[in-house]
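# Chain and residue survey
For reference, the chains in residue letters:
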Amino acid sequence: MSRVPGWLGGLGAGLTRVGKRLDERRAEVERESEDAVPAPAQKATPTIRVPAHAEPMAPAPERPDPALAVPWGVRVAAEAGWRLLVLAGTVWVLMRVISAVQLVVLAFVAALLITALLEPTVARLRRYGVPRGLATALTAILGFVVMGLMGWFVTWQVMENIDNLSDQVQDGIDELRNWLLDSPFHVTDKQINDIAENLRDTIGANTDEITSAGLEGVTVIVEALTGILLAAFSTLFLLYDGKRIWEWSLKLVPAAARPGVAGAGPAAWRTLTAYVRGTVIVALIDAVFIGIGIYFLDVPMAVPLAVFIFLFSFIPLVGAVASGALAVVVALVTQGVFTAVMTLAVVLAVQQIEGHILQPFILGRAVRVHPLAVVLSVAAGGMIAGIGGAVVAVPLVAVTNTVVGYLRAYNQPPARPAIEDEAVNAESPAHQG
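Residues numbered from 1 in each chain as written. Predicted model: local features only at pLDDT ≥ 70, side-chain atom pairs only at ≥ 80, totals over all residues. Heavy atoms only, no water.

Assigned secondary structure in the protein chain consists of 14 helices and zero strands. The burial tally for the protein chain puts 24% of its 433 residues in the buried class. Put simply, of all contacts in the protein chain between residues at least 6 apart along the chain, 68% involve residues at least 24 apart. (Helix = DSSP H or I, 4+ residues; strand = E, 2+ residues; numbered from the N terminus. Buried < 20%, exposed > 50% of the residue type's maximum accessible area, 1.4 Å probe, protein only. Contact = heavy atoms within 4.5 Å.)

Right, dumping it as structure tokens:
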């Protein structure tokens, strides 16, 4: 009986070892079963068989920036194009604004021209010790009186000679008719009568238009009087306080551009003053010499025609042609073909001397504008604002040319003298070595 507990203890130990082995075997089986579970199905990647002698494929090149792919010339044209569109839009808006207040703009521009003409007189009186207010008043009154007397004189001469002129015109038409009948152009009396009949029919058919034009003329007179008053008041203030008005205007300019504009303003004013003075002198010479010529040719209303020539001379090229044509027509219908030809010769001679000798000498190079620019600016000014636009077009182009030239020179860096460059090179280490 004493060996039974020992045997049982050996049996329990054996069972324990068997259990451990079973546990280890079970663990091995579980590990093998986990390893045997298939992984999730993945998309099979096709295998590309590359021959042994084939070179490896180069990587695809990177695509350039689309902006860099555009040719340089196209990019420059596009950059310039949108800037031109912005400028064109700005000019269009500005022209719309100017057309809306056309009367005010023309009055102010006329005031600038008159101020450029009268301001030297104010400055001269100020140098003599006259107070600024009194000098401005005396100059303005004298200038307005002279211009008013010129207008009154022309009107008086026309009214005094209108009856005699109508008789002379009728006689001139009869002489012209007889000359056409006897001329080598083979004009018949029936053709002349047909032309006269057509003229009468045209006038009769357009009676309503002529009447409405007369009514519009009343409106034009009212607007002209309003513009004259605005120009007169603007001239007074510009003569008296022009410097402070300019200084206030500079405050509207950005600070970065203010120094350049401050220098361009006086240059533009000198150009405008020189233009107005030169134009007045040239117009006066034209009026005096053409007036003397047509006076000795017995052309009626020689003095009023001379005044018209003086006023029309403020419109370059076009004004001279129009005033000369007016004098030739008056000579033709009043004195005949020979007098008209002689008048044309006088007008052409004076205008040629004025255009080739007087204008370059009096106006100078500062306000010289190319004839093509003159013609185009006068045409554009006339289309936009009528006679007033034609008058101010050329001085506006001259002033703009001066301002652009000044700003271009102002923005360029000053060139160093050659002597200074040589001194810098001599002091440089490379030169010393």
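Quick look at the pattern of salt bridges now. Taken as a whole and judged by the stated rule, the model has two salt bridges. Between Arg83 and Glu79 there is a salt bridge, with its nearest N and O atoms 2.7 Å apart. A residue pair is termed a helical-turn pair when its members lie 3 or 4 positions apart in one helix, as Arg83 and Glu79 do in helix 3 (residues 72-100) at four residues. Judged by its relative accessible area of 42%, Arg83 is partly exposed. Its salt-bridge partner being Asp241, residue Arg244 comes within 2.8 Å of it at the nearest N-O pair. Here Arg244 pairs with Asp241, and both are found in helix 7 (residues 207-250), just three residues apart, close to one helical turn. (Salt bridge = Lys/Arg side-chain N within 4 Å of Asp/Glu carboxyl O.)

Attention now goes to helix 10 (residues 318-335). Every α-helix carries 3.6 residues per turn, so stepping three or four residues along brings you back to the same face. Taking 1.5 Å of rise per residue, the 18 residues of helix 10 would be expected to cover 26 Å, and the 25 Å separating its terminal C-alpha atoms lies within 8% of that figure. When helix 10 is considered as a whole, its buried residues turn out to be Gly319, Ala320, Ser323, Gly324, Ala327, Val328, Val330, Ala331, Val333 and Thr334. Following helix 10 by one or two positions, Gly336 adopts a phi angle in the positive range, close to 110 degrees. (Expected span 1.5 Å × (residues − 1).)

Attention now moves to unusual backbone geometry. A positive phi is found at Asp298, a non-glycine position, where the angle reads about 60 degrees. With respect to the helices and strands, the residue Asp298 is situated in the loop between helix 8 (258-296) and helix 9 (302-312). Among the residues examined, Asp298 registers a relative accessible area of 55% and is labelled exposed.

Let's shift gears to the side chain of Thr136. Along the chain, Thr136 turns up in helix 5 (residues 132-182). The exposure class of Thr136 is buried, given its relative accessible area of 4%. The residues touching Thr136, leaving out its near neighbours within four places in the chain, are Val122, Leu236, Leu239 and Tyr240.

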